Amino acid sequence: MIRASRAGLLVTVFLLTASIVLAVQADPGKVQFPEHIANCVRCHDAGSDYPVLEIFATPHAVLADPRTGAAELGCAACHGPSLDHARLPARAGGSEVEVAFHGDRKASTQIRNQACLSCHAGADMIHWHGSAHDFDGLACVDCHRVHPRQDPALDPFQQVQACTSCHQAQHAEFHRPFAHPVRDGQLLCTDCHNPHGGVGPSDLHAMTVNESCYSCHAEKRGPFLWEHQPVREDCSLCHQPHGSAHRDLLTQRTPFLCQQCHMGQFHPSTALSGTGLPGDTRPSGSQSMLGRDCMNCHVQVHGSNHPAGVGQTR
Amino acid sequence: MTTQGFQTFTMAGALLLSTSVAAIEREAFDQLTSAENHVEIGLGWVSEDSARFGRYNALYDDGLFLVLGLDYLVQPRFDDPAPLRVEVTARDLGLGNRHLLVRSGRQGRFGLEADYRERRARRGDGLVTVYDSQNRASLRLPEDWQAAPGTAGMNLQLPVLHEFSLVQRRRQGRVAASVNPAERWQVSAQARQEDRDGTHLLAGLFGNTGGNPRAAFLPVPVDYRTRLVDLNLDYNDRRRQFRLAYHGSLFTNNEPGLAFENPFSTIGGWAPGSGFPDGRGELALPPDNQFHQLSLASGWQFSPNLRLVGQVASGRMTQNEAFLPYTANPLLAQSIVQPLPADSLDGRIDTTSVHLRLSGRQSSQLSWNASYRLDDRNNRTELREWVYIGGDSQLQDAGPASSRRRYNLPQDYRHQRLRLDGQWRIDERTRLASAIQRSRTERSLSARDQVDESLLELSVRHRASQRLQLGAQALWADRDGSEYDGAAGFLASHDSGYTDTLAGQWANIPSLRMYHLADRRRQRLALSAGLTPHEHWSLGLEAAHASDDYRNTVIGLTESQQQSLSGTLTWAPARNLSAHLFYTWERLSSDQSGFSFRGGPNRPVDLANPERAWEVDHRDRIDTLGAGLERRLLDGRLQVQLDWVKARARARQDVSSGSALSTAPLPTVRNDLDSIMLRASYRLSEPLSLHLRYWFERFSSDDWALDQVGPDQLANIILPGESSPDYRVHVASVSLRYRFD
């Protein structure tokens, strides 16, 4: 047994020496990799079905950044040491890598995610554990692609498609007649939501719905002298952020939406119907229905800072 | 040889082979990994003007536009000892929506980023106003303006009216930097400034009750600046992470108010001098305001299976814009005996937000979450007494029983939520999840001080086979709360000298329940299926039914429902070919009830008459059908992409009432969208490719509030002449893209 080990050691020393000699005589027409990476790209080369080599154009393969582990561990930084696989790969009847991310022999979601979280646990990822996507059992690689140059989840031209491939309801909402310009490429899902676990409702980056809205609509923040209480509380009480069949992304047609909370004497309680439409002559029609209906007069529905703006008219 | 010896031998062999054989041809490697730099130049054409089509893509004008873009990347080699990366991206430089991004950094050491983005949104064309908008802050009527008590006596035709467009431009500059001063630490900062200018639309009102309003729509100047600052300090190791952050948002408006002359002559109920030619009014435009927030987020891994994450934030919103006077009319201002109680609001809301979540994984079968959320907004604005002048049309009435003696309502809000989630993996195929949640919302100066909600959720997912996954989710929630006092806000905002004179002492009918405060029972059931009948085909189906039953509401929103069906079919037979088809059917319905009543001596009579009740049934239906195709041909030289969408939205309101009222049907509101986009690129040579794009979009709509409703349609309001949009726009572009090193 000792003799066999010695023999192995001698062979190893010989082969290592040979490999160093060969490495010194590097061919400039060839790319030289560190040994632990070279062992992988020997099989996973440019002819590979999956574009493995593209990873060398991504931040994950930068050797000078110690956070990647590329210099120290190479592919093993994410895939595990996988010595058995190195000896005899799966397609030759051997083993799969220890942490396979795709395919029939992929590792469990927890193990795959741990490979990513061992580096990506801070900053915007702090709230990943227990977040909606984590609890649903999503793996990081269900959305992200690590080897290709372009990760669809990070590509502004592909991200919405990537999100709506699961979120079908939101996909339909973006096509409603009144919607935020997601379909136009002016807004991304991640402008408002943190898919890795947001601290606000619906995984918003901001801690409240209104803080999220104010990041683009700061003019509506106030505080105002004359507040409109539901507006101060939650924009989504009246607006559907992804899209609506009604103008200004309202949840319902005005003036009826207003009448769901305002039912005072005279005009607020009037039964508004087709009787308020334009007649054969001008002027005619109800000023609570035509044009901007209630907002023909109550123009400051988000709050007024005018001392006479009691009814949101100033 | 022993196993260990063999392993040593094979490892050594592998190492040898790795160095001797694994060196990859540089040319092939570079092709896969070298930076792809492009410059794109070309011409595009838009067939017709359309504000709605171009509201977000800046293609609102007909004619030619320039296609100009750049992708430039200096990408270091993976083994570069000092990998400095530089990236320049420019998009849509020839359009009103242009974006320029410059990014640089040495990975693991520092990063710098700067970008400029411009967005133009056109929201309306051909609108009209009676005002000459040369002086944007003070709108004047034409010299020869002929006033009248209503629109019937006015000349509301061009050229008396002035035309204007609603165009807004946002210009945003941003700089960001990050430094890694030590392993596991990062400091990052970002500053953003957005200037927004243009015009939007509001009405300028005169009048002091619902019985005597007169209004005219105005082009309102927009001249906003928002500055955002974010500073982060991050620490990250395997077991602990934290982020200390500051967020600041400063909003300024260079147009604090908009003054305008009164185009109507003085009418009954208005004080002398309120109408033309002396009458003038003023709107307060959005006040300067600030928000500052400090937050601490952290994650702690107590054990491999137990983790706490949380964020605590403390913020402050402030606003102290100088007040405009009670009236812009000097004649009415002479009546003021009780001046403004303060020069500015000195408004302040302190916010406290907490989000904590403890996550555990007892075994591979069981995991759970326990979370707590707090959203507290303490409104520290002083409650003061105001004696306002209604709509620049009356003298100040500071009498003890005046309805104009009012108090602002700085309302507090506090929402707390406790939630427990559990998940059991029953076997390899089946997963069961449930959640229980309890929330409490407290409000001051509100119709309901406290609202509580309990929620239960149950879901199951089952993988019936390798090709079929099924899911079901059910939700039930019930909301109730403290006694509902609909008059609370009314009484708090009026002086008792006035409310003591009122019968009933309420404004809204007492049986009204505002929907965000009302008792509510919510139910939702959703079913889903994912089918992969063949490795090239996949089908996703979803069906959902949700209902909100406002079970104790007599007046107000009584019920709402939402049903939807959706399906997505995907076909991907090869890497160079994929297609998808999707369809969604949505039905949103809600019922609301009202009660029409007059004031004064008629009020008790009306309230006793059940035939004055009315109802509105809302029925919205939205159908969205779409398809897409991606194809690569000629060995990848030709790429074709096709997207098609057809969306139909119908919104119907059916109004019915008791016999004491008269109602008539309303037409259906209709919005139809058809859009098709075809993109093709052909590689002419290694560095040069030709890009063609064709886009056709058709939109048509009917809206009874806007169609055929001219400036003189209403007796008391001069409208802007908006109409529901209809357009058919073709866009075509051709460009050359040159790839360079």
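Given the structure is predicted, the values throughout are model-derived calculations rather than measurements.

### Section: the overall build of chain B
Moving on, step 1. Looking only at helices and strands, chain B has six helices and 33 strands in total.
Moving on, step 2. Each of the three principal axes of chain B carries a C-alpha extent, and together these read 110 × 60 × 55 Å.
Moving on, step 3. Buried residues in chain B amount to 48% of all 741 residues.
Moving on, step 4. Within the structure as shown, chain B displays about 34000 Å² of accessible surface, and the carbon and sulfur contribution to it stands at 54%.
Moving on, step 5. Looking at chain B, you have 86 positive and 89 negative side-chain charges, and the mean spots of the two groups are 7 Å apart.

### Things to note about the packing of aromatic side chains
Moving on, step 1. By the definition in use, this model includes 20 aromatic pairs over all chains.
Moving on, step 2. Here the aromatic rings of A:F33 and B:F29 are separated by 5.6 Å at their centres, their planes lie at 75°, and the arrangement is edge-to-face. Highlighted residues: A:F33 in the loop between β1 (30–31) and α2 (35–41) and B:F29 in helix α2 (residues 26–33), drawn from two different chains. Both residues of the pair, A:F33 and B:F29, belong to the buried class.
Moving on, step 3. Centroid distance A:F56 to B:F29: 5.7 Å. Interplanar angle 50°. Geometry classified as tilted. Taken together, the residues span two chains, with A:F56 in the loop between α2 and α3 (76–79) and B:F29 in helix α2.

### Looking at the nonpolar core
Residue and element names in this part refer to chain B.
Moving on, step 1. In this structure, V130, Y131, L218 and W704 are the most contacted members of the largest nonpolar core, which totals 60 residues.
Moving on, step 2. Only β6 (110–129), β8 (162–179), β9 (185–206), β10 (214–236), β12 (257–261), β28 (613–633), β29 (638–657) and β32 (717–718) provide two or more residues apiece to this core.
Moving on, step 3. Dropping the residues within four chain positions of it, V130 is found in contact with R140, L141, P142, W145, L156, L161, H162, A216, P263 and I718.
Moving on, step 4. With 16 residues, the next largest nonpolar core counts V46, L95, A647 and W695 among its residues.

### So, the interface of chain B and chain A
Moving on, step 1. Across the boundary between the two partners, chain B contributes 209 residues, which contact 149 residues of chain A.
Moving on, step 2. When residues of chain B are sorted by the area they lose upon contact with chain A, B:F78, B:Q107 and B:Y515 head the list and together hold 5% of the total.
Moving on, step 3. Taken together, chain B and chain A are joined by 10 salt bridges.
Moving on, step 4. When the shortest N-O distance is used, the salt bridge between A:R149 and B:E36 registers 3.6 Å.
Moving on, step 5. At the junction of chain B with chain A, the criterion picks out 64 residue pairs in polar contact (both at pLDDT 80 or more).
Moving on, step 6. Split by residue class, the side of chain B that touches chain A holds 93 nonpolar, 74 polar and 42 charged.

### A word on the pattern of salt bridges
Residues and elements named next belong to chain B.
Moving on, step 1. Throughout the structure, instances matching the rule amount to 64 salt bridges over all chains.
Moving on, step 2. Here R598 makes a salt bridge to D606, at a shortest N to O gap of 2.9 Å.
Moving on, step 3. One salt-bridge network, in which partners are shared between bridges, spans K646, R648, R650, R670, D672, D674, R698 and D702.

### What to know about the domain arrangement of chain A
Much of the literature gives interface size as the accessible area that the parts lose upon coming together.
Residue and element names in this part refer to chain A.
Moving on, step 1. For chain A, the assigned domains read domain 1 (28–150) and domain 2 (152–251).
Moving on, step 2. A straight line from the C-alpha centre of domain 1 to that of domain 2 covers 34 Å.
Moving on, step 3. With 11 residues of domain 1 in contact, the opposing surface of domain 2 contributes 11 residues.
Moving on, step 4. Note on domain 1 versus domain 2: buried area summed over both sides is about 990 Å², and carbon and sulfur give 57% of it.
Moving on, step 5. Along the contact surface separating domain 1 from domain 2 lie zero salt bridges.
Moving on, step 6. By residue class, the composition of the side of domain 1 that touches domain 2 is four nonpolar, five polar and two charged.

### Some details on the sheet that holds strand β7 (residues 138–139) of chain B
Residue and element names in this part refer to chain B.
Moving on, step 1. Here we have three strands laid out as an open sheet, ordered β7-β12-β13, and mixed in their pairing. Each edge of the open sheet is held by one strand with a lone partner, namely β7 and β13 (280–284).
Moving on, step 2. Two elements, β12 and β13, share five bridges in a ladder whose sense is antiparallel. Residue pairing in the sheet places L258 in a bridge with L283 of β13.

### Some remarks on helix α5 (residues 109–117) of chain A
Because an α-helix completes one turn every 3.6 residues, residues spaced three or four positions apart along the sequence face the same direction.
Moving on, step 1. Those residues of α5(A) that sit buried are A:R112, A:N113, A:A115, A:C116 and A:L117.
Moving on, step 2. Among the structural elements, α3 and α7 (140–143) of chain A are those in contact with the buried residues of α5(A).

### Topic: unusual backbone geometry
Moving on, step 1. A cis geometry characterises the amide bond from A:R282 onward to A:P283, with omega recorded as -5°.
Moving on, step 2. Summarising the element assignment, A:P283 is placed in the segment after α13 (256–259).
Moving on, step 3. In the segment running from B:F276 into B:P277, the intervening peptide bond is cis, with an omega of 5°.
Moving on, step 4. Among the structural elements, B:P277 can be located in the loop between β12 and β13.
Moving on, step 5. Even without being a glycine, B:Q708 presents a positive backbone phi close to 60°.
Moving on, step 6. Checked against the element boundaries, B:Q708 lands in the loop between β31 (688–702) and β32.
Moving on, step 7. Residue B:Q708 is classed as exposed on the basis of its relative accessible area of 70%.

### Focus: a nonpolar patch on the surface
Residues and elements named next belong to chain B.
Moving on, step 1. On the surface, a nonpolar cluster with roughly 660 Å² of combined accessible area is contributed by I41, L43, W45, L64, L66, L684 and L736.
Moving on, step 2. Broken down by secondary-structure element, the contributors of at least two residues to the nonpolar patch are β2 (37–46) and β3 (63–74).
Moving on, step 3. Among the elements that line the nonpolar patch, the one with the most residues is β2, at three residues.
Moving on, step 4. Here L66 shows up in strand β3.

### Overview of the pairing of strand β11 (residues 240–253) of chain B
Residues and elements named next belong to chain B.
Moving on, step 1. Summarising the sheet, β10 and β11 pair through 13 bridges and their orientation is antiparallel. If you follow Y224 over to β11, its bridge partner there is N253.
Moving on, step 2. Where β11 meets strand β14 (residues 289–303), 12 bridges bridge the pair, whose relative direction is antiparallel. From the neighbouring strand, R240 faces β14, where its bridge partner is W300.

### Some remarks on the side chain of B:S393
Residues and elements named next belong to chain B.
Moving on, step 1. You can see S393 is positioned in the loop between β18 (385–387) and β19 (405–407).
Moving on, step 2. Of note is the side chain of S393, whose polar atom sits 2.7 Å from the backbone oxygen of G390.
Moving on, step 3. Sequence-distant contacts of S393, that is, excluding residues within four places in its chain, are made with G207, N208, G269, W270, A271, S274 and L332.

### What about the pairing of strand β27 (residues 577–595) of chain B?
All names here are of chain B.
Moving on, step 1. Inspection of the sheet shows strand β26 (residues 556–574) paired to β27 by 16 bridges, in the antiparallel sense. Of the residues in β27, the one forming a bridge with S560 is S590.
Moving on, step 2. Taken together, β26 and the strand that follows it, β27, pair antiparallel across an intervening segment of two residues.
Moving on, step 3. Relative to β28, β27 runs antiparallel, the two being bridged by 19 bridges. The residue of β28 that forms the bridge with L588 is D620.

### A few points about the environment of B:R419
Residue and element names in this part refer to chain B.
Moving on, step 1. The residue R419 is located in strand β20 (residues 413–425) in this model.
Moving on, step 2. Ignoring any residue separated from it by four or fewer positions in sequence, one finds R419 in contact with N369, A370, S371, A435, I436, Q437, L455 and E457.
Moving on, step 3. Polar contacts involving the side chain of R419 include one to the side chain of Q437, which spans 2.7 Å.

### Structural notes on the confidence of the model for chain B
Moving on, step 1. Residues with a pLDDT of 70 or more make up 97% of chain B, whose mean pLDDT is 94.
Moving on, step 2. Across residues 1–21 of chain B, confidence stays below pLDDT 50; counting only partners more than four residues off in sequence or on other chains, it has 35 contacts.

### A word on the state of the cysteines
Cysteine pairs can be covalently joined through their sulfur atoms, and such a bond is termed a disulfide.
All names here are of chain A.
Moving on, step 1. The full count for this structure, using the stated rule, is zero disulfides over all chains.
Moving on, step 2. Take C43: it sits in no disulfide, and the sulfur closest to it among the cysteines is that of C40, at 8.8 Å.
Moving on, step 3. The class for C43 is partly exposed, based on a relative accessible area of 31%.
Moving on, step 4. C116 supplies the cysteine sulfur nearest to C140, a cysteine that is in no disulfide, at a spacing of 3.9 Å.

Conventions adopted
- Note on numbering: residues in each chain are counted from 1, in written sequence order.
- Chains and ligands are labelled sequentially in the order written, the chains with letters from A and the ligands with numbers from 1.
- Only residues with pLDDT of 70 or above have their local features reported here, since the model is predicted, and side-chain atom pairs are shown and tallied only from 80 upward, although totals for entire chains, interfaces and linings are computed over all residues.
- The side-chain values count all of the structure's non-hydrogen atoms but skip hydrogen atoms and water molecules.
- A run of H or I in DSSP counts as a helix once it spans at least four residues, and a run of E counts as a strand once it spans at least two, with each numbered from the N terminus.
- Summary of the burial criterion: residues with accessible area below 20% of their type's maximum are buried, those above 50% are exposed, and those between are partly exposed, where the area comes from a 1.4 Å probe applied to protein chains only.
- Note on areas: these come from Shrake-Rupley sampling with a 1.4 Å probe, and a residue is covered only by the protein chains present in the view.
- This count recognises Lys and Arg as positive and Asp and Glu as negative, with His and chain-terminal groups excluded.
- Taken as the charge centre is NZ of Lys, CZ of Arg, CG of Asp or CD of Glu, depending on the residue.
- Stacked, tilted and edge-to-face are the three classes applied to pairs of Phe, Tyr and Trp rings, where Trp contributes its six-membered ring and a pair requires centres within 6.5 Å; stacked means planes under 30 degrees apart, edge-to-face means over 60, and tilted covers the rest.
- Residues belong to a common nonpolar core when they are buried Ala, Val, Leu, Ile, Met, Phe, Trp, Tyr or Cys residues joined through side-chain atoms within 4.5 Å.
- Contact between two residues is taken to exist if any of their heavy atoms lie within 4.5 Å; hydrogens are not considered.
- Accessible surface is computed with a 1.4 Å probe, and the buried area is the amount of it that two parts give up when combined, taken over both parts together.
- Within this document, salt bridges are pairs made up of a side-chain nitrogen of Lys or Arg and a carboxyl oxygen of Asp or Glu, the two lying within 4 Å of each other.
- N or O atoms closer than or at 3.5 Å make up a polar contact, with two conditions inside protein: a donor-capable atom paired with an acceptor-capable one, and, for residues adjacent in sequence, both atoms drawn from side chains.
- Residue polarity is assigned by list, with Asp, Glu, Lys and Arg as charged and Ala, Val, Leu, Ile, Met, Phe, Trp, Tyr, Cys and Pro as nonpolar; anything else, Gly included, falls into the polar class.
- Segmentation of the chain into domains, including their bounds, is taken from an automatic or database domain assignment.
- We call two strands paired when DSSP finds no fewer than two bridges between them.
- In this scheme, patches are assembled from residues that exceed 30% relative accessible area and form no salt bridge. Like charges are connected within 9 Å, while nonpolar side chains (Val, Leu, Ile, Met, Phe, Trp, Tyr) are connected within 5 Å.
- pLDDT is a residue-level measure of predictor confidence that goes from 0 to 100.
- Here, a disulfide means two cysteine sulfur atoms that sit within 2.5 Å of each other.

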